Amino acid sequence: MNGIPLVHASLGEQELAAVAEVFASGWPAGQGPRGKALEAQLAGRFGVDGAVALSNCGVALHLALLALGVEPGDEVIVADYSFPAPAHAVRYLGATPVFADVRADTGTVDPQAVADLVTPRTVGVIAVDTVGLPADYAELNALAERHGLFVIEDAACAVGATYRGRPAGALAPVACVSFHGRKGATSGEGGALLTSDPAVAEHARLRSAFGITSIFDQAQVVGLPIPTFTEIGYNYKLSDIAAAILQVQLNRLDELLERRDAVAARYAELLGDEELLTLPRVPADRTHTWQSYLVTLDRSVDRTAVAAELRGRGIGCGHGTWASHLQPAFESKQACPVSADLFERQLAIPMHAELGTDQVERVADALRGAVRAHAARPV
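Trainee: Which parts of the structure should I look at to understand the overall build of the chain?
Mentor: A tally of regular secondary structure across the chain gives twelve helices and twelve strands. Taking 21 Å as the expected radius of gyration for a compact globule of 379 residues, we find that the chain reaches 21 Å, a close match to that expectation. Approximately 15,900 Å² of the chain is accessible, and the part contributed by carbon and sulfur atoms is 54%.

If you want it as structure tokens, here you go:
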């Protein structure tokens, strides 16, 4: 029997044709014509003034913090239950990540937890749209305004989601998105910084290319322009090859997300009555991209045994995401009990746009059997 992978990228002939066009153009590197076209497409889709195509979401977070003036000794509050890229980015600048606990029902950052952590050293907040579900931006933006803080939306997993009718990626003055291989739109690796502030976009674009303007643009000038390096920058550019793939993927995004929605709906039908599982909750005022489908196991269930059984049957699964404050790299003494509990009990099951109905049913049947077999109490 064929295996069912946890994730699978939806890439095909359209994307290959776009790559062939880039090969023929003679400009495969970054900040070329396809990169510029992608940035215009992103700005239009998200309704923002500035979009900067970058090599991944982690570097977008780094550049966002640089542009917002974060310095050593500052504190930045970050959502705890997440891939810890936001905390890494804060540490890149010698600042301190302060981990905020999350809501038990959604896994998104708890605005009250954020409010309780504000100190005179706090300069901003990085909220995370956890595995594709937007956080509570009405409360978070109001809190930030009261205290004079910036808000960055880490929408890495949420391209295509909405909050109160607005697209994820445009829910804070600065947002960072990912086009990693398991996202709804992907170029294998890739990301972007999105902002309503053109100055932030220009700062990020310059810093992403070693602190100089586009080499492609310079090559169009008659003569011999010699760029001047006026500040230290980085090589965070997205290649035009990846940009071309993403242009196709963004045009296909609505269709691909509809297919993920259908998978999530079928899981809900098949598993909604299982007492040993809690399924994801999506508040009525937002939509989910289903980058991942996380079920929460009853405390009586041995998650490791369940995972071993599923993998033994060829069904991919994973632990979910991270309680960042528990990771040794950050040496945090904080307690985020909700995040820690979700980290112990959540399980990711296959979720991608290529799942067939029979595969979804096979996953649901196997998961139901495994949790019942590995519960400490009889079922």
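Trainee: Hey, could you run me through the sheet that holds strand 10 (residues 277-278) in this one?
Mentor: Backbone hydrogen bonds are what pair the strands of a sheet, in a parallel or an antiparallel way. Ordered in space as 10-11-12, the three strands form an open sheet in which the pairing is antiparallel. Edge positions in the sheet fall to strand 10 and strand 12 (346-349), since each has one partner strand and no second. Across two bridges, strand 10 lies against strand 11 (residues 293-297) in antiparallel orientation. Bridge assignment links threonine 278 to a residue of strand 11, and that residue is threonine 296.

Trainee: What is the right way to look at the nonpolar core in this model?
Mentor: Nonpolar side chains tend toward joint burial in soluble globular proteins. In this structure, Leu38, Leu42, Val109, Val114, Phe179 and Leu194 are the most contacted members of the largest nonpolar core, which totals 46 residues. Counting residues per element, this core draws most heavily on helix 9 (residues 240-271), which supplies six residues. For leucine 42, the residues in contact, after removing those within four places along its chain, are Ala51, Phe179, Ala192, Leu194 and Leu250. By size, the runner-up hydrophobic cluster in this structure holds 34 residues, among which are Ala60, Leu61, Val78 and Cys336.

Trainee: So what exactly am I meant to see when it comes to the packing of aromatic side chains here?
Mentor: Aromatic ring pairs are defined here through the distance separating the ring centres and the angle between the ring planes. Under the definition given, this model contains six aromatic pairs. Measuring from ring centre to ring centre gives 6.0 Å for tyrosine 137 and tyrosine 163, while their planes differ by 80°; the resulting arrangement is edge-to-face. Highlighted residues: tyrosine 137 in helix 6 (residues 137-147) and tyrosine 163 in strand 6 (residues 162-163), separated in sequence by 26 residues. Like tyrosine 137, the residue tyrosine 163 is buried in the burial classification. Aromatic rings pair up to connect Tyr267, Trp290 and Tyr293 into one cluster.

Trainee: Is there a simple way to think about the side chain of aspartate 101 in this case?
Mentor: Position of aspartate 101 among the secondary structure elements: in the loop between strand 3 (96-100) and helix 5 (111-117). Although aspartate 101 is buried, it forms no salt bridge, and the closest oppositely charged side chain is arginine 103 at an N-O distance of 11 Å. Within the local environment of aspartate 101, its side chain forms a polar contact with the backbone nitrogen of valine 338, the two atoms lying 2.9 Å apart. When neighbours within four sequence positions are excluded, aspartate 101 is seen to be in contact with Val109, Asp110, Ala113, Cys336, Pro337, Val338 and Ser339.

Trainee: Is there a simple way to think about the packing of helix 3 (residues 57-67) against helix 7 (residues 198-207) in this case?
Mentor: Axis angle and axis distance: for two packed helices, these are the angle between their axes and the distance between the axes, and together they describe the pair. Look at helix 3 against helix 7: their axes get within 9 Å of each other, and the N-to-C directions meet at 125°. In terms of orientation, helix 3 and helix 7 fall into the oblique class. Considering only the axes of helix 3 and helix 7, their crossing is right-handed. Contact residues: helix 3 offers Leu63, Leu66 and Ala67, while helix 7 offers Val200, His203, Ala204 and Arg207. In terms of residue class, the contact of helix 3 with helix 7 is built from five nonpolar, one polar and one charged.

Rules used in this analysis
Residues numbered from 1 in each chain as written. Predicted model: local features only at pLDDT ≥ 70, side-chain atom pairs only at ≥ 80, totals over all residues. Heavy atoms only, no water. Helix = DSSP H or I, 4+ residues; strand = E, 2+ residues; numbered from the N terminus. Rg over C-alpha atoms; globule rule 2.2 N^0.38 Å. Areas by Shrake-Rupley, 256 points an atom, 1.4 Å probe, with all protein chains shown as cover. Pairing = 2+ DSSP bridges. Core = buried A, V, L, I, M, F, W, Y, C linked by side-chain atoms within 4.5 Å. Buried < 20%, exposed > 50% of the residue type's maximum accessible area, 1.4 Å probe, protein only. Contact = heavy atoms within 4.5 Å. Phe/Tyr/Trp six-rings, centres within 6.5 Å; stacked < 30°, edge-to-face > 60°. Lys, Arg positive; Asp, Glu negative; His and termini not counted. Salt bridge = Lys/Arg side-chain N within 4 Å of Asp/Glu carboxyl O. Polar contact = N/O pair within 3.5 Å; in protein donor to acceptor, adjacent residues only side chain to side chain. Axes fitted to C-alpha atoms, helices over the stretch in contact; angles between N-to-C directions. Parallel < 35°, antiparallel > 145°, perpendicular 65-115°, else oblique. Left-handed = near helix turned anticlockwise from the far one by under 90°. Nonpolar A, V, L, I, M, F, W, Y, C, P; charged D, E, K, R; others polar.

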